[in-house]
Amino acid sequence: MKIGALKEIFSSEKRVALTPDSAIQLQKLGHECLVETGSGLAAGFSDEQYKAAGVEISTNAEELTKASDVIVKVLPPSEAEVKRFSSTKILISFFYPGANKALLEIAKSKDASVIAMDMVPRISRAQKMDALSSMANISGYRAVIEAGNNFGRFFTGQMTAAGKVPPAKVLVVGAGVAGLAAIGTSTSLGAITYAFDVRPEVAEQVESMGAEFVFLDFADEQTNNGLSGGYAAVSSPEFTNAQLSKFREIAPDIDIVITTALIPNREAPELWTSDMVSSMKPGSVIVDLAAEKGGNCRLTVLDERIVTDNGVIIIGYTDFPSRMATQASTLYASNIRHMISDLTPKKDGVIVHNMEDDVIRGATVTHNGEITFPPPPPKIQAIAAAPKERVPDKTPEEIRANEISAFKKQTKNQIILLVVGGVLMFLVGSYAPASFMQHFIVFILSIFVGFQVIWNVSHSLHTPLMAATNAISSIIILGAILQISSTSSLVIILAGISIFFAGINIFGGFIVTRRMLAMFQKS
């Protein structure tokens, strides 16, 4: 079948739904690819690049729509574009059916099938098609870059000849895809980063990225976010009040705030109030990624950058992915490609619109002259991990008591071992010849020394297997060294071979250990 990519009609939209690389992959599935001339220029893809990838160039939208079986684009189509469709056409794009009832009706009247990329269910199998997450990832990254462009200081702290420069303090509200991308970017730039989310189970992810999770001293029964399509559930009024109280407490110390709390088809919750803005320092920056739905800060102005009376900069841009058009187009085109791959199960260029498939059914909003939105819940829900209980910190008295208990237990074990060992030595010595006992005592001492040396090495320096190997090798060396002065040539040769191979094992083990440790060090 023929897959055609329309040029976006809004001048501010620079993304394109088909890249040369994704076109090559689609051709491997048996499809032909078309693109409207100039579609990829703003994203850095020329018509020549498309031609080199085997893509046919159409001169206008009407020609492309007529020649294509599947039409792909980024933003929802205009009414004029939908009216060109027919029962043989499939549209794949963002559509936002909850906010575009009129477009749904037109698509229904044309018997066209529409697959909305914003309706892809949030289940594991559909992650490769999750265009919302792809764009959210870019938005989170770009939000930090935009904040840095408007912030008057370094992100990282520095000690210079002119004086000390403190690091910026960044708060990311919401640890979803956009939030985690913002956290990663902020910490990599050297800022002290804090993060908050209504789901305490994400604290481990936040802390693993080098940020500090802001906990609330509040016991609230969290709703499984799988029941809300993989998004955070709406919090109780009591929890919201505790959350806002915590934000008011830390607002004066924060330099940059990035809010990411946005759920499709819902108004954005107010998380950063005007009094919090008033308490912030002049020159502070707020980047509101929920501006398109009213904003997490009610002072946000859609698609504008404003400065408040106390000098706080509030950015309400909604086109962050388009500001990184090349990267955004590459990821979005990959999402489209994976969707078409699922629609082409036999990889023979034939589209099979299987409404029994959870992903295809969930994303399809019109099909066979019917509106299929909203979809039924997927058979496999997105299930959130159960929140881990926080273990309370031990008091100094408890720590001391544990240390004493551990010392007593270790001492008891050592005494038992010495007594048992002494008894066994006595029994062996009572019957064994003197020549055997001489070698046997050396052997036991070798084991004891090797055990004590290796056992006291920190586990962070050796894996248990490597530590045991080194211990055994040490025992071999001690025995071999004692035998190397023997009058027998055979014994001397065997002792030398033992020392050589044991040395390789020991030094090789430490070299491997050093390389393992280097993997966890920043270059």
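Residues numbered from 1 in each chain as written. Predicted model: local features only at pLDDT ≥ 70, side-chain atom pairs only at ≥ 80, totals over all residues. Heavy atoms only, no water.

Participant: So what about the pattern of salt bridges? Which residues, and what values?
Facilitator: Counted according to the given criterion, the structure contains 18 salt bridges. Residue aspartate 342 is joined to lysine 128 by a salt bridge in which the shortest nitrogen-to-oxygen separation is 3.7 Å. Of this pair, aspartate 342 sits in helix H11 (residues 325-343) while lysine 128 sits in the loop between strand S6 (113-116) and helix H6 (131-150), and the two are 214 residues apart along the sequence. (Salt bridge = Lys/Arg side-chain N within 4 Å of Asp/Glu carboxyl O. Helix = DSSP H or I, 4+ residues; strand = E, 2+ residues; numbered from the N terminus.)

Participant: Please give an account of the environment of valine 173 that cites residues and values.
Facilitator: Checked against the element boundaries, valine 173 lands in strand S9 (residues 169-173). Given the relative accessible area of 2%, valine 173 is considered buried. Taking the C-alpha atoms as reference points, valine 173 and isoleucine 258, separated by 85 residues in sequence, lie 6.2 Å from one another. (Buried < 20%, exposed > 50% of the residue type's maximum accessible area, 1.4 Å probe, protein only.)

Participant: Describe H6, with residues and values.
Facilitator: Across its 20 residues, H6 extends 28 Å between first and last C-alpha, which sits within 8% of the 28 Å expected from 1.5 Å per residue. For H6, the N-terminal cap is aspartate 130; the gap from its side-chain oxygen to the backbone nitrogen of leucine 132 is 3.4 Å. (Expected span 1.5 Å × (residues − 1). Polar contact = N/O pair within 3.5 Å; in protein donor to acceptor, adjacent residues only side chain to side chain.)

Participant: For the sheet that holds strand S11 (residues 212-213), give the residues involved together with the corresponding values.
Facilitator: Spatial strand order, S11-S10-S9-S12-S13-S15-S14: 7 strands in an open sheet with mixed pairing. Sheet topology places S11 and strand S14 (305-307) at the edges, where each strand pairs with a single neighbour. Bridge count between strand S12 (residues 256-259) and strand S13 (residues 285-288): 4 bridges; the pairing is parallel. Its bridge partner lying in S13, threonine 259 is registered against aspartate 288. (Pairing = 2+ DSSP bridges.)

Participant: Now, about the pairing of S13: what can you tell me, with residues and values included?
Facilitator: The alternating pattern of S13 places Val285 and Val287 and Ile286 and Asp288 on opposite faces, both of which are buried. Sheet topology note: the S13/strand S15 (residues 313-315) ladder contains 3 bridges and is parallel. Looking across to S15, one finds that isoleucine 286 is bridged to isoleucine 314.

Participant: Describe a nonpolar patch on the surface, and please don't skip the residues or the numbers.
Facilitator: Where nonpolar side chains cluster on the molecular surface, the patch consists of Ile415, Ile416, Val419, Val420, Val423, Leu424, Phe426 and Leu427 and spans about 760 Å² of accessible area. Relative to the assigned elements, valine 423 resides in helix H13 (residues 396-431). The class for valine 423 is partly exposed, based on a relative accessible area of 45%. (Patch = residues over 30% accessible without salt bridge, like charges linked within 9 Å, V, L, I, M, F, W, Y side chains within 5 Å. Areas by Shrake-Rupley, 256 points an atom, 1.4 Å probe, with all protein chains shown as cover.)

Participant: Can you lay out the environment of leucine 91 for me, pointing to particular residues and giving the numbers?
Facilitator: Secondary-structure assignment places leucine 91 in strand S5 (residues 90-93). You can call leucine 91 buried: its relative accessible area is 1%. Separated by 87 residues in sequence, leucine 91 and glycine 4 place their C-alpha atoms 9.7 Å apart. Setting aside chain neighbours within four positions, we find leucine 91 in contact with Ile71, Lys73, Pro77, Phe85, Ser113, Val114 and Ile115. (Contact = heavy atoms within 4.5 Å.)

Participant: Quick rundown of the packing of H6 against H11? Include the residues and the values.
Facilitator: Interhelical geometry of H6 versus H11 gives an angle of 165° and a closest axis separation of 9 Å. Between H6 and H11, the interaxial angle falls into the category roughly antiparallel. Handedness of the H6/H11 crossing: right-handed. Every residue of H11 that contacts H6 at Ala131, Ser134, Met135 and Ile138 is listed here: Gln327, Ala328, Leu331, Tyr332 and Asn335. (Axes fitted to C-alpha atoms, helices over the stretch in contact; angles between N-to-C directions. Parallel < 35°, antiparallel > 145°, perpendicular 65-115°, else oblique. Left-handed = near helix turned anticlockwise from the far one by under 90°.)

Participant: How would you sum up the sheet that holds strand S3 (residues 56-58)? Please name residues and give values.
Facilitator: The strand order across the open sheet formed by 8 strands is S3-S2-S1-S4-S5-S6-S16-S17, and the pairing between neighbours is mixed. Bordering the open sheet on either side are S3 and strand S17 (370-371), each of which pairs with just one other strand. The pairing of S6 with strand S16 (residues 364-367) spans 2 bridges and is classified as antiparallel. In the sheet register, isoleucine 115 faces S16, and the bridge partner there is threonine 364. The sheet strands contacting H11 are strand S1 (2-5), strand S4 (70-72), S5 and S6, and the helix crosses S5 at an angle near 145°.

Participant: Any chance you could break down the packing of aromatic side chains for me, citing the residues and the numbers?
Facilitator: Applying the stated criterion across every chain yields a total of 10 aromatic pairs. Plain terms: the ring middles of phenylalanine 151 and phenylalanine 155 are 6.4 Å apart, the flat faces sit at 85° to each other, and that makes the pair edge-to-face. Phenylalanine 155 shares its class with phenylalanine 151; the two are buried. Centroid distance tyrosine 317 to phenylalanine 320: 6.2 Å. Interplanar angle 55°. Geometry classified as tilted. Like phenylalanine 320, tyrosine 317 is buried. Following the ring pairs from residue to residue traces out a cluster consisting of Phe196, Phe213, Phe215, Phe239, Phe247 and Trp272. (Phe/Tyr/Trp six-rings, centres within 6.5 Å; stacked < 30°, edge-to-face > 60°.)

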